[in-house]
Each structure stands twice: as structure tokens, then as C-alpha cells.
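# Fold and geometry: a report
Spelled out, the chains give:
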Amino acid sequence: MDKFMEKFNRILSVSTIVCFGTLIFLTHSVQASSKSASASVEIFQQIAVSEPQSINFGSISAAAEGDTISIQPDGTVTTQNGSTISGGSVSPGQFAAAGSPNASINISFTDGTLTGSGPAMQISNFQHNAGGTPTFDEEGNITFNVGADLIINSGQVAGSYSGTYEVSISYP
């Protein structure tokens, strides 16, 4: 009978430990906690862009070997191979945009082409004068000038040429 009692006590001890462990587990698992979390968003205004003034390279007497005519945002014109501006209204492009007040923006360009009487000419290497970190003013407006390079082909055919390029303005 002693052996029986000894076994019984061991079983009872193990059962007691299992019961207390289960009770502790259930006590802890029943306790729950919740917390309200926050969320927020700022919706920027849609950006509207207009072009009050197109880039105009004027009338050019092109060098026979071709040339690159550069207009800077401030209107300064340079040539690489001696072409001359013979008249016409030379001007940088100008853009106006509206968006969210005081918001920073990115300004980028996609090259364009001018087509006309002869082979197409490329417009590239765009520059603007909106600064390194363009930002809408406190009313949500920005105006900036744009310059670019016109690449005149060797032996470019005389005539009128026109075309397009793309300016993209986005929030970072």
C-alpha cells in the first residue's frame, strides 16, 4: 500500500502542477489589451500647368556643319559653331503652375523635336530658373523660365520648324 500511496502522491503532485500551470496560462491568455491608433493624410492639390511663353530660337543663319544653339532661362543665347541669330523674337520658355501652397515640387523635361522642311532637329538639355528645390509660394503658385539646346543638323534645310517637348511637375 505504501507503493500505491507513493504513486498516488506523485500523480497528485504532477496533476496539481499541470492544473496550476493551466490556470496561470488561462489567466494570462484571458487578459487582453487594445489601443486606438492614429492615422492621417494630407491630400495635395492637383497641379495645373500653363505655358505663357514658348521657347523661340528666332531666325538663324546656321553654320554649314551644324550647330548647337543654347538659350538660357535668363534669355542669353550662345552658339558652338558660329551660327548667327539673324532676327526674330528669341526668348526662353515660361511656365506657370499652381498647386498646394508651400509644397516642394520636382520639375523635369522630356526631349522634343522640331519638324519642318528638312530633317527633324532635337531640343534637349533643358534648364529652369526655379532653383534647386522648387517650391510653390504661399498662394500655391510658381512661375519659371526654361532654356534648352537646339541641335541643328549639318546642312540643315532652310524653312520653318516647330515642335513640342514635355515639362512635368510633380510632388516629390
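The next point concerns the overall build of the protein. Each helix and strand in the protein was counted, giving one helix and ten strands. Secondary structure elements of the protein, listed N to C terminal, follow the sequence α-β-β-β-β-β-β-β-β-β-β. In the protein, of all internal contacts separated by at least 6 residues, the share reaching a separation of at least 24 is 74%. Working note: accessible area of the protein is about 11100 Å², and carbon and sulfur atoms make up 53% of it.

What follows deals with unusual backbone geometry. One non-glycine residue with positive phi stands out, namely N102, at about 65°. Residue position: N102 is located in the loop between β6 (93-98) and β7 (106-116). Even without glycine at this site, N125 takes up a positive phi of about 55°. Within the secondary structure layout, N125 lies in strand β8 (residues 121-128).

The next point concerns the nonpolar core. Counting 25 residues, the largest nonpolar core has I55, F144 and L150 as the members making the most contacts within it. Elements supplying a minimum of two residues to this core: β3 (67-71), β6, β7, β8, β9 (141-152) and β10 (161-170). The biggest single contributor to this core is β9, with six residues. In this view, I55 contacts I71, S91, P92, G93, F126, V146, G147, A148 and Y165; residues no more than four positions away in its chain are not counted.

The buried count for β3 comes to five of five residues, which makes it a mostly enclosed element. Residues of β3 alternate between two faces, with D67, I69 and I71 on one and T68 and S70 on the opposite face, all of them buried. Here β3 pairs with β9 via five bridges, running antiparallel. Paired with S70 across the strands is D149, a residue of β9. As paired elements, β3 and strand β4 (residues 77-79) share three bridges and run antiparallel to each other. Within the sheet, the bridge partner assigned to I71 lies in β4 and is V77.

Bringing the packing of aromatic side chains into the picture now. On inspection of all chains with the given rule, the structure shows six aromatic pairs. Plain terms: the ring middles of F44 and Y171 are 4.2 Å apart, the flat faces sit at 15° to each other, and that makes the pair stacked. Placement of the pair is F44 in the loop between α1 (2-30) and β1 (48-53) and Y171 in the segment after β10, with a sequence separation of 127 residues. Seen in terms of ring centroids, F109 and F126 are 5.0 Å apart; in terms of plane orientation they differ by 15°. Their pairing is stacked. Placement of F109 in strand β7 and of F126 in strand β8 is noted, with a sequence separation of 17 residues between them.

Reading the values: rules and limits
- Residues numbered from 1 in each chain as written.
- Predicted model: local features only at pLDDT ≥ 70, side-chain atom pairs only at ≥ 80, totals over all residues.
- Heavy atoms only, no water.
- Helix = DSSP H or I, 4+ residues; strand = E, 2+ residues; numbered from the N terminus.
- Contact = heavy atoms within 4.5 Å.
- Areas by Shrake-Rupley, 256 points an atom, 1.4 Å probe, with all protein chains shown as cover.
- Core = buried A, V, L, I, M, F, W, Y, C linked by side-chain atoms within 4.5 Å.
- Buried < 20%, exposed > 50% of the residue type's maximum accessible area, 1.4 Å probe, protein only.
- Pairing = 2+ DSSP bridges.
- Phe/Tyr/Trp six-rings, centres within 6.5 Å; stacked < 30°, edge-to-face > 60°.

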